Amino acid sequence: MTDPATPLPCPVCGKPMVQAYRPFCSRRCADIDLGRWFTGQYRVPADNDFNDMDENHTRRVDPDEEVG
């Protein structure tokens, strides 16, 4: 495990993390990371193909049905 006194490296540039921009070292690196998400460079893997879903395998919720 890492020493809590040792700052972790910025995931974008590798410089030491700055608490104000955690886990990044600067606002610039935080913006670069956000831009990568917006452009699709980062993706969350999914194993579902929603185009192949069968109508019989979906659950519809009745808004009048009591929840709880």
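Look a little higher up for the structure.
What counts as what
- Residues numbered from 1 in each chain as written.
- Predicted model: local features only at pLDDT ≥ 70, side-chain atom pairs only at ≥ 80, totals over all residues.
- Heavy atoms only, no water.
- Phe/Tyr/Trp six-rings, centres within 6.5 Å; stacked < 30°, edge-to-face > 60°.
- Buried < 20%, exposed > 50% of the residue type's maximum accessible area, 1.4 Å probe, protein only.
- Salt bridge = Lys/Arg side-chain N within 4 Å of Asp/Glu carboxyl O.
- Helix = DSSP H or I, 4+ residues; strand = E, 2+ residues; numbered from the N terminus.

Trainee: Account for the packing of aromatic side chains, naming residues and giving values.
Mentor: Inspection of every chain in the model, using the stated rule, returns 1 aromatic pair. Measuring from ring centre to ring centre gives 5.1 Å for W37 and Y42, while their planes differ by 65°; the resulting arrangement is edge-to-face. A relative accessible area of 28% means that Y42 is categorised as partly exposed.

Trainee: Any details on the pattern of salt bridges? Residues and values, ideally.
Mentor: Across all of its chains, the model carries 1 salt bridge by this definition. Of the charged contacts in the structure, one is a salt bridge between R27 and D31, with a shortest N-O distance of 3.7 Å. On the criterion of helical spacing, the pair formed by R27 and D31 is a turn pair, its members being 4 residues apart in helix 1 (residues 27-38). According to the relative accessible area criterion, R27 is exposed, its value standing at 55%. D31 gets classed as partly exposed once you look at its relative accessible area, which sits at 41%.

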